[in-house]
Amino acid sequence: MNEREILTRYVYQVVASLVQNGVEDIVISPGSRSTPLAYAFASTKNLNVYRQVDERSAAFFALGIAKAKAKPVVLLCTSGTAAANYFPAIVEAKYARVPLVVITADRPHELREVGAPQAINQIRLYGEQVKWTAEFPIPDGAKQTLPYIERHIARGVNIATTAPFGPVHFNVPFREPLLIDFQEELPAQTFHSSFIGIIAPSEQAKDVLATAINQTKRGFIIVGELALGSDLKQIWSFIRKLKWPVLVESLSNLRTNVPEDCAPYIISTYDALLKNSNFKEKVVADTVIRFGAQPVSKFLTIFLTESLPSNYIVIDEDPMFRDSSAVSTHFIHANVGNWLNELNIDSSNFDKDYLNKWRNSEEVAVKHIKEYAEIESDEGAVVRYLLENLPNESDLFVSSSMPIRDIDTFLLPTSKDIQIFANRGANGIDGVMSTAIGFSQGRKERELFLLIGDLAFLHDVNALITTRYQPCKITVIVLNNDGGGIFSYLSQSTVKEYYEDLFGTPTSLQFEAVANMYNMEYVRIQEFNELNQLFNKENENPLRLIEIFTDRQKNVIAHRNLWQRIHTELE
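Being a predicted model, the structure only gives us computed values, none of them experimental. (Residues numbered from 1 in each chain as written. Predicted model: local features only at pLDDT ≥ 70, side-chain atom pairs only at ≥ 80, totals over all residues. Heavy atoms only, no water.)

Visitor: I tried to follow the overall build of the protein on my own but got confused; where do I start?
Guide: A count of helical and extended segments in the protein gives 19 helices and 18 strands. Here the protein has a C-alpha radius of gyration of 25 Å; the compact-globule value for 571 residues is 25 Å, and the two agree. The principal-axis extent of the C-alpha atoms belonging to the protein is close to 80 × 60 × 45 Å. Here the protein, with 571 residues, has 57% of them falling under the buried criterion. By sequence separation, contacts in the protein at least 24 residues apart represent 78% of the contacts at least 6 residues apart. Roughly 23,400 Å² of accessible area belongs to the protein as shown, and the carbon and sulfur atoms make up 50% of that amount. (Helix = DSSP H or I, 4+ residues; strand = E, 2+ residues; numbered from the N terminus. Rg over C-alpha atoms; globule rule 2.2 N^0.38 Å. Buried < 20%, exposed > 50% of the residue type's maximum accessible area, 1.4 Å probe, protein only. Contact = heavy atoms within 4.5 Å. Areas by Shrake-Rupley, 256 points an atom, 1.4 Å probe, with all protein chains shown as cover.)

Here you go:
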C-alpha cells in the first residue's frame, strides 16, 4: 500500500470504531493537521456533523449536545492552541459528568519541541481533567495499528460513558501529505460491542439505608442535579413510598411535571425558609438522604453544617462522592434505579407534624413568591413571569451566577412539562450560549429558551457563529443590568472603593447590533409591562434575541424585601 492508502484506512478505522461504539455526533473546527479525519467524518453518512470555527465555543457546543442526548459526542481540532481552547469545556465536562471524546490532531514526533509551527506539547494536555488519554500511533502499514485503534476507541468511549460520565482524549499525529481517498462504506470491525454494567448497591448497603429510614422520626430527602439519563420515575416512586419532605433543586427537574400524588412532599422554597433561624430550629433532621449534586443553595449547606444530622446518606454513582460540607455519614455507590423501590421500609415511625412544618412553611413562601411579580418589576419578577408563561414541552437553559439563583428562587412546583438545565460542573459563565445552542441540537423536538446575563452573553457571543453553519432554533433572553449582578449580594458590595471597577464592571453595551449581525429577531424590553413580547413572535425567525434592561440595585432591594416578607410571616 502507498502512504495515501495507509492514511485512508487509518482514519476510516477511527470513524468506524466510533460509530460501532455508539457515537452519533461530531463537532469539527477547521484546521490543516486534522484534514484526514475531517474528510473521513464529513464523508460518513452515519454521523451528524456540526461545524464551529471557534474551538472554545465548539467544545461547549459539543457539551450541550452530549447533555441533551446523554450520549458521547466527538470533538475534532487541529494541532497547537486550537487544542488548548477546548480546555474550559473539558473542565466543565469533568465536573458536570458529561461524556466527550476529544480528538486533537498533532504534528508527527519528529516535529515536536523543535520549533515547528503550530506545534505544542499535546501529550496529556488536559492532565487530570480527562478520565483517560491515549496517544495514537503514526499511520503505518503495521498489522497491529488498526486493531490497536479499534480497541482503544472502544476503551475510550466505555470510559467516557461509565459512571461518572466524563471526557476522554485521543491525540492523533499525522505526517504530510494529508489527503485521503473518500470511501462510501466503513470498514468491517473485529471488535463488535461493549456491555457496561449497572451500578447497584450491595445488600448490606440496602439494609443500612432501610434501617436508617425505619428508625427516623424527622428526616428529609435532597435531590440535586441528577446524572445524565437518570430515570425520574424511580425517584417519584421512592417519594411516594417514603412520604418525607423532599427538597428539590430546580436542576433536578422534579419541580416540574410533578405527579399529583407527590405534590404534598415537594419543598421548593427551602433556600428562603432556611434564612429564618426559628424555622431552622424546628426542622433539624435525624436523617438526610441526598441524590445528585450538591444544590445551589448556600443556606441549605449552612443548615446541614450547623445541624449535623445523625445520618447523612449520600447516594452517588461515583466513589469520589460529592460532599463539600463534610457532613456525610454514609455513602452508597449506586445509580438511581429500581432497587430504591425494593427496599424493605416502613414509614409509620415518621413524625407527620415534621412534614407539616415543612409543608405549611412552603405554602407561606409560595404565596409571597406568587405575589412577587404583582409587587416588584425587577429581574426576579421577570424570571417569575418567564417561568409562569413558558410553553408546555419546552426547555430553559440557564446561565450561572444570578440567573440560576433566580430560577432556584422563583421556580415553583408545577404539573407543566418544562425542564431546566445549566452548566453547574464548574459553575462558570463561559460557554453558556454555546452549550445552550448545542443542547437545542440534541432536543430538536422541544423549544429552547436561554436565560443569560449581559456579561455571560458577551463572554460567549462567538457562539452565534455556529448558526451560520447549521440550522439552529433558540430564544436568547439577556438580562442586561450592565455588569456583574451577583456581586451586589455579596460582601464586596459593602466596600464602595473600587467596587464598580473590580466587580460591577459595567460595559454600557447593548446588543441590537449583535442580533442584526446574525439575522436574529431582536426585541428590546425596557419596562415590565412589555414582557408579553417574550412569547409574541413577529415572524418565523428561529433565532430570537430578547434584551431586557434591569437595574442591579433595584434587584437587590426587591429580593431582600421578598425574603423579609417570608421571614415576617414565618415568625
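The discussion continues.
Visitor: Is there a simple way to think about the side chain of glutamine 419 in this case?
Guide: Mapped onto the elements, glutamine 419 comes out in strand β14 (residues 418–422). In this structure the side chain of glutamine 419 is engaged in a polar contact, spanning 2.5 Å, whose partner is the side chain of arginine 443. Setting aside its immediate chain neighbours within four residues, glutamine 419 contacts Asn253, Ser394, Asp395, Leu396, Arg443 and Arg446. (Polar contact = N/O pair within 3.5 Å; in protein donor to acceptor, adjacent residues only side chain to side chain.)

Visitor: What is the right way to look at the nonpolar core in this model?
Guide: Among soluble globular proteins, nonpolar side chains are generally buried collectively. Counting 91 residues, the largest nonpolar core has Phe220, Phe291, Trp358 and Leu396 as its most contacted members. Looking at this core element by element, the count peaks at 8 residues for helix α12 (residues 352–375). Here phenylalanine 220 is in contact with Trp244, Pro245, Leu247, Val283, Ala285, Thr287, Val288, Ile289, Phe303, Leu304, Tyr354 and Trp358, once residues within four sequence places are set aside. Core analysis: the next-biggest nonpolar cluster, separate from the first, contains 53 residues, Phe61, Ala62, Tyr86 and Phe457 among them. (Core = buried A, V, L, I, M, F, W, Y, C linked by side-chain atoms within 4.5 Å.)

Visitor: Just to check I follow, could you spell out the sheet that holds β14 for this structure?
Guide: Neighbouring strands of a sheet are bound in pairs by backbone hydrogen bonds; such pairs are parallel or else antiparallel. Judged by pairing direction, the sheet is parallel, and its 6 strands sit side by side in the order β14-β13-β15-β16-β18-β17 without closing on themselves. The open sheet terminates on both sides in strands that have one partner only, identified here as β14 and β17 (521–525). Along the sheet, successive strands turn relative to each other by an average axial angle of 20 degrees, direction set aside. Sheet topology note: the strand β15 (residues 447–453)/strand β16 (residues 474–480) ladder contains 5 bridges and is parallel. Paired with glycine 453 across the strands is leucine 479, a residue of β16. Against the sheet, helix α15 (residues 432–442) contacts β13 (394–398), β14, β15 and β16, and its axis sits at roughly 175 degrees relative to β15. (Pairing = 2+ DSSP bridges. Axes fitted to C-alpha atoms, helices over the stretch in contact; angles between N-to-C directions.)

Visitor: I keep staring at the packing of helix α1 (residues 3–20) against helix α6 (residues 145–160) and nothing clicks. Help me out?
Guide: Packed helices, taken two at a time, are described by the angle between their axes plus the distance between the axes. Their axes nearest at 9 Å, the elements α1 and α6 cross at an angle of 30 degrees. As the angle between them shows, α1 and α6 are arranged roughly parallel. As α1 packs across α6, the resulting crossing turns out to be right-handed. For the pair α1 and α6, contact is made by Arg9, Tyr10, Gln13, Val14, Ser17 and Leu18 and by Thr145, Leu146, Ile149, Glu150, Ile153 and Val157, respectively. Looking at the contact of α1 with α6 residue by residue, the class counts come to 7 nonpolar, 3 polar and 2 charged. (Parallel < 35°, antiparallel > 145°, perpendicular 65-115°, else oblique. Left-handed = near helix turned anticlockwise from the far one by under 90°. Nonpolar A, V, L, I, M, F, W, Y, C, P; charged D, E, K, R; others polar.)

Visitor: Can you help me understand the pattern of salt bridges in this one?
Guide: Side-chain pairs of opposite charge can arise where the charged atoms are in close proximity. One pass over the full model with this rule turns up 28 salt bridges. Taking the shortest distance from any N to any O, the salt bridge between lysine 67 and glutamate 225 comes out at 3.7 Å. Placement of the pair is lysine 67 in helix α3 (residues 55–69) and glutamate 225 in the loop between β7 (219–223) and α8 (232–242), with a sequence separation of 158 residues. Like lysine 67, the residue glutamate 225 is buried in the burial classification. As a salt-bridge pair, lysine 537 and glutamate 447 come within 3.1 Å of each other at their nearest N and O atoms. Here glutamate 447 lies in strand β15 and lysine 537 lies in the loop between β17 and β18 (543–549), a separation of 90 residues in the sequence. What you see here is one network of salt bridges that share partners, running through Arg97, Asp316, Glu317, Asp318 and Arg322. (Salt bridge = Lys/Arg side-chain N within 4 Å of Asp/Glu carboxyl O.)

Visitor: I tried to follow the sheet that holds strand β5 (residues 132–135) on my own but got confused; where do I start?
Guide: Across the sheet, 6 strands lie side by side as β2-β1-β3-β4-β6-β5; this open sheet has parallel pairing. Looking at which strands have only one partner, the edges of the open sheet turn out to be β2 (48–51) and β5. With direction set aside, neighbouring strand axes in the sheet form an average angle of 20 degrees. Of the pairings in the sheet, the one linking strand β1 (residues 25–28) to β2 comprises 4 bridges and is parallel in character. Bridge pairing in β2 places aspartate 25 opposite asparagine 48. Running at roughly 140 degrees to strand β3 (residues 73–77), helix α2 (residues 35–42) makes contact with β1, β2, β3 and β4 (100–106) of the sheet.

Visitor: Please explain the environment of asparagine 427 as it appears in this structure.
Guide: Position of asparagine 427 among the secondary structure elements: in the loop between β14 and α15. Taking C-alpha positions, asparagine 427 is 44 Å from isoleucine 6, a pair spaced 421 residues apart along the chain. When sequence neighbours within four positions are dropped, the list of residues in contact with asparagine 427 reads Glu92 and Ser400.

Visitor: Just checking my understanding: could you explain the pairing of β16 for this structure?
Guide: In regular strands, side chains alternate between the two faces of the sheet. A large share of β16 lies buried, amounting to 7 of its 7 residues. Burial of β16 is two-sided: the residues Ile474, Val476, Val478 and Asn480 facing one way and the residues Thr475, Ile477 and Leu479 facing the other way are all buried. Of the crossover connections in this fold, the one passing from β15 over helix α16 (residues 454–459) to the parallel β16 is right-handed. Looking at chain direction, β16 and β18 are connected through 7 bridges and run parallel. Within β18, the residue paired with valine 476 across the bridge is leucine 545. (Right-handed = clockwise from strand over helix to strand, strands pointing away.)

Visitor: Which parts of the structure should I look at to understand unusual backbone geometry?
Guide: At the junction of alanine 163 and proline 164, the peptide bond is cis and its omega measures out at -5 degrees in the coordinates. Among the structural elements, proline 164 can be located in the loop between α6 and β6 (167–173). For the bond running from glutamate 176 to proline 177, omega is 0 degrees, close enough to zero to count as cis. Turning to its location among the elements, proline 177 is positioned in the loop between β6 and α7 (203–214). For alanine 70, which is not glycine, the phi torsion reads 55 degrees and is therefore positive. By the secondary structure assignment, alanine 70 is in the loop between α3 and β3. Phi at glutamate 393 takes a positive value of approximately 60 degrees, unusual for a residue other than glycine. Counting through the fold element by element, glutamate 393 comes out in the loop between α13 (379–389) and β13.

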